[in-house]
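Reading the structure
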Amino acid sequence: MNSKGIKHMSIIMDGNGRWAELRGEPRSMGHIAGIKSVKQAIEASIVNNVEYLSLYAFSEENWSRPQEEVDKLMSLMLSSIGKEREELNNQGIRFRVLGNRSRLSLELNNAIDDLMQFTEDNTKLHLIIMLSYSGKWDILQAAKALAQDYKLNKISEEEFNQISLSSFEDYLVTRDVPDPDIILRTASEQRLSNYFLWQASYSELIFIDTLWPDFTKEDYDKALKIFSKRERRFGKV
Ligand code: FPP
């Protein structure tokens with residue numbers, strides 16, 4: 001935790017398509033340009049001692065985009081993982097991907113596993129890429145896993161009856177990640193778009209106009225400043 005009380009910054013990276021269209025370029029150029037903004041967000045997290053940075057890179061709904069765009073995004077993911085391997089490790093970053101990984105290709109899953117293992121002992125920053133993720137999917141897979149454990153007698157009748165909010169959270173993909181203090185969304189839209197539906201219960205929501213490829217450390221600092229003026233009561237008075 002840093003002096004500003006922020007442990008986890010989460011970002012809905014939006015506006016890549018619009019950024020590209022404004023330049024008369026294909027949408028995939030916006031995604032490519034978005035990589036340098038990811039680097040800006042990583043650097044700003046480290047400078048500000050924010051321990052967790054999660055990025056909504058691809059939702060379960062994004063699978064319905066044109067196949068060409070989906071393929072380009074997945075190959076961008078794959079090439080970035082290869083290119084940034086050493087740099088991420090040198091910066092002490094622990095890399096993880098959370099989401100419905102059963103929908104990813106074997107090649108991408110292998111590359112993800114490799115980088116997750118390579119960086120698993122790093123502690124400077126937890127970088128979490130939310131890929132093929134959606135909030136409703138997360139809650140549903142948690143409920144299914146819980147039912148399965150009950151069916152297989154992995155949890156007793158008594159444990160089942162005593163399921164609490166915190167024991168249910170152990171089934172979410174974010175089980176060992178603190179809830180986000182800030183959810184920052186770029187590109188002017190003001191909605192969660194099926195992101196951290198469970199985890200966002202007390203997150204401060206911050207919306208800025210900057211399109212993701214134009215995002216810089218200054219935008220990150222702006223969000224921290226907005227957060228510092230908010231009063232968080234967590235339902236208390
Ligand atoms: C939303 O913009 C952005 C995405 C769906 C993809 C975000 C992915 C990246 C920036 C690449 C990340 C890569 C790594 C390695 C983390 P949009 O296409 O919905 O924009 P629009 O609303 O203007 O159409």
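For the structure, see preceding data.
Residues numbered from 1 in each chain as written. Predicted model: local features only at pLDDT ≥ 70, side-chain atom pairs only at ≥ 80, totals over all residues. Heavy atoms only, no water.

Before going further, it helps to examine the overall build of the chain. Scanning the chain from terminus to terminus reveals 8 helices and 6 strands. For 237 residues, the compact-globule formula gives about 18 Å, and the C-alpha radius of gyration of the chain, at 18 Å, lands near that figure. Across its three principal directions, the C-alpha atoms of the chain cover 60 × 50 × 35 Å. The 237 residues of the chain split such that 49% are buried. Considering only contacts within the chain whose residues lie at least 6 apart along the sequence, 77% involve residues at least 24 apart. A total of about 12,400 Å² of accessible surface is found on the chain, and carbon and sulfur atoms cover 51% of it. Distance between charge centroids for the chain: 4 Å, based on 31 positive and 36 negative side chains. (Helix = DSSP H or I, 4+ residues; strand = E, 2+ residues; numbered from the N terminus. Rg over C-alpha atoms; globule rule 2.2 N^0.38 Å. Buried < 20%, exposed > 50% of the residue type's maximum accessible area, 1.4 Å probe, protein only. Contact = heavy atoms within 4.5 Å. Areas by Shrake-Rupley, 256 points an atom, 1.4 Å probe, with all protein chains shown as cover. Lys, Arg positive; Asp, Glu negative; His and termini not counted. Charge placed at Lys NZ, Arg CZ, Asp CG, Glu CD.)

Phi is positive for Asn 49, close to 55 degrees, though the residue is something other than glycine. By the element assignment, Asn 49 lies in the loop between α2 (27-47) and β2 (52-59). Even without being glycine, Ser 132 reaches a positive phi, approximately 55 degrees. Mapping Ser 132 onto the fold places it in strand β4 (residues 125-133).

To continue, consider the layout of surface pockets. For the largest pocket, the calculated volume is near 900 Å³. Residue lining of the largest pocket: 40 residues in total, with Met 13, Val 38, Tyr 56, Ala 57 and Met 77 positioned closest to the centre. Split by residue class, the lining of the largest pocket holds 19 nonpolar, 10 polar and 11 charged. (1 Å grid on protein atoms, 1.4 Å probe; cavity = no way out; pocket = protein on both sides within 12 Å on 5 of 7 lines; lining within 4 Å. Points joined across faces, edges and corners; volume = space filled by probe spheres on them. Nonpolar A, V, L, I, M, F, W, Y, C, P; charged D, E, K, R; others polar.)

Turning our eyes to something else, we now look at the site of the ligand. In the region of the ligand, 17 residues are neighbours, and Asp 14, Gly 17, Arg 18, Arg 27 and Arg 65 sit closest. Interatomic distance of 3.2 Å between a backbone N/O atom of Asn 16 and an oxygen atom of the ligand. When the ligand is considered free in solution it has 620 Å² of accessible area, and contact with the protein chains removes 89% of it. Using a 2 Å cut-off from the grid points, one finds that the ligand occupies the largest pocket. For the shell around the ligand, the secondary-structure elements that each account for two or more residues are α1 (16-22), α2 and α3 (67-90). For the shell around the ligand, the class distribution of residues is 7 nonpolar, 6 polar and 4 charged. (Near = heavy atom within 4 Å. Polar contact = N/O pair within 3.5 Å; in protein donor to acceptor, adjacent residues only side chain to side chain. Sits in = over half its atoms within 2 Å of the grid points.)

A word on helix α8 (residues 217-228). Taking 1.5 Å as the rise per residue, α8 with 12 residues should run 16 Å; its terminal C-alpha atoms sit 17 Å apart, in good agreement. Within α8, the full set of buried residues consists of Asp 219, Tyr 220, Ala 223, Leu 224 and Phe 227. The arc enclosing the buried residues of α8, seen along the axis, measures out at 145 degrees, which places them on a common side. Set apart from the buried face of α8 by more than 90 degrees, the exposed residues are Glu 218, Lys 225 and Ser 228. (Expected span 1.5 Å × (residues − 1). Arc of directions from axis to C-beta.)

Further remarks concern the sheet that holds strand β3 (residues 93-98). Here we have 6 strands laid out as an open sheet, ordered β3-β4-β2-β1-β5-β6, and parallel in their pairing. A single partner strand is all that each edge strand has here, and the edge strands are β3 and β6 (204-207). On average, each strand axis in the sheet is tilted by 20 degrees relative to the strand beside it, whichever way the strands run. (Pairing = 2+ DSSP bridges. Axes fitted to C-alpha atoms, helices over the stretch in contact; angles between N-to-C directions.)

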